[in-house]
Amino acid sequence: MRDFSAPVRETVEHHVLADEFQAAIPALRQSYQQDDFAEIPSFMPDDVFRGALGELEGLFDGESRRRDTRIEQSGGTPRRFTTLARDVIARGSTVIPAVFESSTLRAALEEIVDEKVLPVPYEPEQYIATRLHEAGDVHGWHWDDYTWALVWIFKMPDEDNGGSLEYVKDVPWDPENPRVEEFVAAGPVIRRHPTVGSAYLLKAGTALHRVSPLSYAAERMMVCFSFASVADLDGDRGHESIQALF
Ligand SMILES: O=C(O)CCC(=O)C(=O)O
Ligand SMILES: [Fe+2]
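Below, the structure is looked at part by part. Since we're looking at a predicted model, the values are computed, not measured. (Residues numbered from 1 in each chain as written. Chains lettered and ligands numbered in written order. Predicted model: local features only at pLDDT ≥ 70, side-chain atom pairs only at ≥ 80, totals over all residues. Heavy atoms only, no water.)

### What about the side chain of Q126?
Within the element layout of this structure, Q126 appears in the loop between β4 (118–119) and β5 (127–132). Separated by 3.1 Å, the side chains of Q126 and R86 make a polar contact. (Helix = DSSP H or I, 4+ residues; strand = E, 2+ residues; numbered from the N terminus. Polar contact = N/O pair within 3.5 Å; in protein donor to acceptor, adjacent residues only side chain to side chain.)

### A few points about the site of ligand 1
Near ligand 1, the surroundings consist of H139, H142, D144, V151, Y200, H209, V211, R220, M222 and C224. The protein chains hide 95% of the 290 Å² of surface that ligand 1 would expose on its own. At the level of secondary structure, the elements contributing two or more residues to the shell around ligand 1 comprise β6 (138–142), β11 (208–211) and β12 (220–228). Counting residues per element, the shell around ligand 1 draws most heavily on β12, at three residues. Looking at side-chain class alone, the shell around ligand 1 contains five nonpolar, three polar and two charged residues. (Near = heavy atom within 4 Å. Areas by Shrake-Rupley, 256 points an atom, 1.4 Å probe, with all protein chains shown as cover. Nonpolar A, V, L, I, M, F, W, Y, C, P; charged D, E, K, R; others polar.)

### What about the coordination of the iron ion (ligand 2)?
With distances of 2.1 Å, the protein atoms coordinating the iron ion (ligand 2) are H142 (NE2), D144 (OD) and H209 (NE2). In terms of primary sequence, the donors binding the iron ion (ligand 2) are separated according to H-x1-D-x64-H. Note that H142 is positioned in strand β6 and H209 in strand β11, a separation of 67 residues in sequence. Each member of the pair, H142 together with H209, is buried. (Donors = N, O, S within 2.8 Å, 3.2 Å for Na, K, Ca; no water. Buried < 20%, exposed > 50% of the residue type's maximum accessible area, 1.4 Å probe, protein only.)

### A word on the nonpolar core
The biggest cluster of nonpolar side chains holds 44 residues, and the ones touching the most others in it are I112, L150, W152, F154 and F225. Of the residues forming this core, the biggest block, seven residues, is contributed by helix α3 (residues 46–63). F225 has contacts with I96, V99, F100, Q126, Y127, W148, A149, L150 and W152, leaving out every residue within four places of it along the chain. (Core = buried A, V, L, I, M, F, W, Y, C linked by side-chain atoms within 4.5 Å. Contact = heavy atoms within 4.5 Å.)

### Side note on the pairing of strand β3 (residues 77–84)
The buried count for β3 comes to seven of eight residues, which makes it a mostly enclosed element. Inspection of the sheet shows strand β2 (residues 65–71) paired to β3 by seven bridges, in the antiparallel sense. Residue I71 lies in a different strand from β3, and its bridge partner there is T77. Counted along the chain from β2 to the antiparallel partner β3, the turn is five residues long, and its residue G75 has a positive phi close to 80 degrees. Where β3 and β6 come together, two bridges link them in antiparallel fashion. Looking at β6, one finds that R80 is bridged to V138. As defined by bridge partners, β3 adjoins β5 across three bridges and the pair is classed as antiparallel. (Pairing = 2+ DSSP bridges.)

This is the structure we're talking about:
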């Protein structure tokens, strides 16, 4: 494969530093402060988006794995989807690793969250791609192992079909006793249906969240990047839920 990573890196830096991206930051800060969520519209330039989409479609065709399981650490909630592991993406995509590694992007995220944002050191959790496509596909309620998820949306079904992000913010994760049903019932459950081409930032370590089930077959494809806080990197992190998945 031709190595486009240097030009991609430069394009990413240029886009994040451009006036349009920078001008959006105050509103994103405000959204994040209020909701622990901020949707960045037109996350990357169109050609970078299309390049990444082509790479992902090729990898999903050849190297994806179908999952249909329940994850104990998040209260036995379902994972029914097709996924690409980090290493498959690292080998087969020029765009996704360049986005993850961009210190310019991390600096922009730091302005939004008002805190230091660090790349996750545990490689399998740095980024993954997930595709929901069959009726009943769902990414059930869970918390992420690290503080922030940045989810870049490549394909999205109509809102009435599901595929929405739903979350309850500010709830603690106790893997021994996750109490998912209780937290969801207590709510409030916030629902968002991000647009194709956007990326949303979620405080996913303390937001109990899910992708709502598809009622009928349709495409939903995303890449989830994980970023860590300074506190995340103190002490040991459990990685049981991702280990259960791969
Ligand atoms: O697909 C989404 O919008 C959320 C994905 C997610 O929560 C995750 O990969 O941990
Ligand atoms: Fe998540």
